[in-house]
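Observations on the three-dimensional arrangement
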Amino acid sequence: MRGYAGKIAAYFLSVTLLVCAFATAWSVHSRVVEARAVLQERERTAAALRRENAALEKQLQLPDERESLERIARVRLGLVYPDEKVIVFLGD
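Summary of the structure given here. (Residues numbered from 1 in each chain as written. Predicted model: local features only at pLDDT ≥ 70, side-chain atom pairs only at ≥ 80, totals over all residues. Heavy atoms only, no water.)

Here we come to the overall build of the protein chain. For the protein chain, the helix and strand inventory stands at two helices and zero strands. What you see for the protein chain is a C-alpha radius of gyration of 37 Å, clearly larger than the 12 Å of a compact globule of 92 residues, by over 25%. In terms of overall dimensions, the protein chain has C-alpha extents of about 125 × 30 × 15 Å along its principal axes. Here the protein chain holds 92 residues, and the buried ones make up 1% of them. For the protein chain, the accessible area works out to roughly 9,300 Å², and carbon and sulfur atoms hold 63% of it. Across the protein chain, the mean location of the 14 positive side-chain charges is 19 Å away from that of the 12 negative side-chain charges. (Helix = DSSP H or I, 4+ residues; strand = E, 2+ residues; numbered from the N terminus. Rg over C-alpha atoms; globule rule 2.2 N^0.38 Å. Buried < 20%, exposed > 50% of the residue type's maximum accessible area, 1.4 Å probe, protein only. Areas by Shrake-Rupley, 256 points an atom, 1.4 Å probe, with all protein chains shown as cover. Lys, Arg positive; Asp, Glu negative; His and termini not counted. Charge placed at Lys NZ, Arg CZ, Asp CG, Glu CD.)

Here the focus is the pattern of salt bridges. Overall, the coordinates contain three salt bridges when judged by the stated rule. Its salt-bridge partner being Arg74, residue Glu70 comes within 3.2 Å of it at the nearest N-O pair. Of the two residues, Glu70 and Arg74 are both situated in helix α2 (residues 65-75); the distance of four residues between them amounts to about one turn of the helix. Residue class for Arg74 comes out partly exposed when judged on its relative accessible area of 31%. (Salt bridge = Lys/Arg side-chain N within 4 Å of Asp/Glu carboxyl O.)

Our next topic: the packing of aromatic side chains. For the coordinates displayed, the defined rule picks out two aromatic pairs. Geometrically, the ring pair formed by Tyr11 and Phe12 is edge-to-face, given 5.7 Å between the ring centres and 65 degrees between the ring planes. Residue class for Phe12 comes out exposed when judged on its relative accessible area of 51%. (Phe/Tyr/Trp six-rings, centres within 6.5 Å; stacked < 30°, edge-to-face > 60°.)

A cluster of nonpolar side chains, namely Tyr4, Ile8, Tyr11, Phe12, Val15 and Val19, defines an oily patch on the protein surface of about 630 Å² accessible area. Relative to the assigned elements, Phe12 resides in helix α1 (residues 2-61). (Patch = residues over 30% accessible without salt bridge, like charges linked within 9 Å, V, L, I, M, F, W, Y side chains within 5 Å.)

Turning our eyes to something else, we now look at the environment of Val32. Relative to the assigned elements, Val32 resides in helix α1. For the pair Val32 and Glu70, spaced 38 residues apart in sequence, the C-alpha to C-alpha distance is 55 Å.

By themselves, these figures tell us nothing about what the structure is for.
Shown next, in the form of C-alpha cells:
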C-alpha cells in the first residue's frame, strides 16, 4: 500500500509542479508580449517626434514667413491690426 500511496503523491507533486511551471511561463510570456507592445508604441511616438523635429528644423531654416507677410501687408497694402491706430502725417 505504501508504494502505491507514494506513487500517487509523486504523481500529484509532478502535476502540481508542471501546472506551476506552465503558469509561470504563461505569466512571463504575457509580460513579454505587453513589453513588446509598449516598445512598439514608444518607437512609433519617437518616429513621429523625429518627423516633427525635422519639420521644425526646416521651418527654422526658412525666412520667417509671418514677418514677411506682415511687412508686405503693412507696407504695400497699408493694412493694420483692428486694435491699432494709424497716424498719417500729411505733407511737410
